[in-house]
Amino acid sequence: MEFSQYIEYELEISRADEPLVRILQDPSGVTGCGVGSTVWDTGLVLAKYLDYQTSLGNLDLSGKTVLELGSGTGLVGIALGRLHPQCQVTLTDKEELVPLLNRNIELNSATDNTRAQCLDWTSPTSLDAVPDLIIVSDGIWDKELHQPLAETLARLAGSETRVLLAYETRKFDEEAEFIARWSQTFRFRDIKPSEQDPVMHSDDIFLFDGKRKIKVAE
């Protein structure tokens, strides 16, 4: 893939030695890779939430595995991997975005703990191991994605897997339908603005923290 038409975005994180995450993106859509090749506000809010909680000492991912669904440019997962070099991060998206993910991993010298692979929610896929954390940023912008995403989360999350899901509200009724669908298999809470980065948050962007429901034997 040729990256000459991409532009670079920089996000500052709380790493004194390497405070910038550098991301190539295509906000104008000239490369034809779709909405996934753009850095969106929800990703920024989620990345800064993870950064903020890390700086407070509330997030320890040493020895943990992280899976990002619908990674797009890889901003959130790469930032998280940079914040927690002792964790292993897998970025996933459709096949056409994997080259961009790999390029952004290389751009941030993150190959030691971050990798990219294809994972299409509409095609059942298994993983080598159950992830400790799954992150999803702006994965419900299209109603057609709701069922595949809910089914993918149910398939890949274990009983102890934490799921962080963030989205910017665009169509409230449709988003409410997804939340209702997700609640059939997961319990979750909304992450309050007071828990998020003091600067990088928005009234239009919602963050949820969830786990699978425990099945009670009949």
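Residues numbered from 1 in each chain as written. Predicted model: local features only at pLDDT ≥ 70, side-chain atom pairs only at ≥ 80, totals over all residues. Heavy atoms only, no water.

- An unreviewed UniProt entry annotates the protein as Protein-lysine N-methyltransferase efm6 originating from Coemansia aciculifera.

**Some words on a nonpolar patch on the surface**
And step 1. A cluster of nonpolar side chains, namely V35, W40 and W141, defines an oily patch on the protein surface of about 310 Å² accessible area.
And step 2. Tracing the backbone through its elements, the reader meets V35 in the loop between β2 (20–25) and α1 (41–55). (Patch = residues over 30% accessible without salt bridge, like charges linked within 9 Å, V, L, I, M, F, W, Y side chains within 5 Å. Areas by Shrake-Rupley, 256 points an atom, 1.4 Å probe, with all protein chains shown as cover. Salt bridge = Lys/Arg side-chain N within 4 Å of Asp/Glu carboxyl O. Helix = DSSP H or I, 4+ residues; strand = E, 2+ residues; numbered from the N terminus.)

**Brief notes about the layout of surface pockets**
And step 1. In this model, the largest pocket occupies a volume close to 690 Å³.
And step 2. V35, G36, G70, D93 and W141 are the residues nearest the centre of the largest pocket, which is lined by 33 residues in total.
And step 3. Residue composition of the lining of the largest pocket, grouped by class: 14 nonpolar, 11 polar and 8 charged.
And step 4. Of the pockets and cavities examined, the second largest pocket occupies roughly 260 Å³.
And step 5. What lines the second largest pocket is a set of 18 residues, among which T65, T90, R115, D128 and A129 lie closest to the centre. (1 Å grid on protein atoms, 1.4 Å probe; cavity = no way out; pocket = protein on both sides within 12 Å on 5 of 7 lines; lining within 4 Å. Points joined across faces, edges and corners; volume = space filled by probe spheres on them. Nonpolar A, V, L, I, M, F, W, Y, C, P; charged D, E, K, R; others polar.)

**What about the packing of aromatic side chains?**
And step 1. In the structure shown here, the tally under the stated rule is 7 aromatic pairs.
And step 2. An angle of 20° between the planes, with centres 6.2 Å apart, marks the rings of F178 and W182 as stacked. With F178 and W182 both in helix α5 (residues 172–182) and 4 residues apart, the pair spans about one turn of that helix. Judged on exposure class, the residue F178 and its partner W182 are both buried. (Phe/Tyr/Trp six-rings, centres within 6.5 Å; stacked < 30°, edge-to-face > 60°. Buried < 20%, exposed > 50% of the residue type's maximum accessible area, 1.4 Å probe, protein only.)

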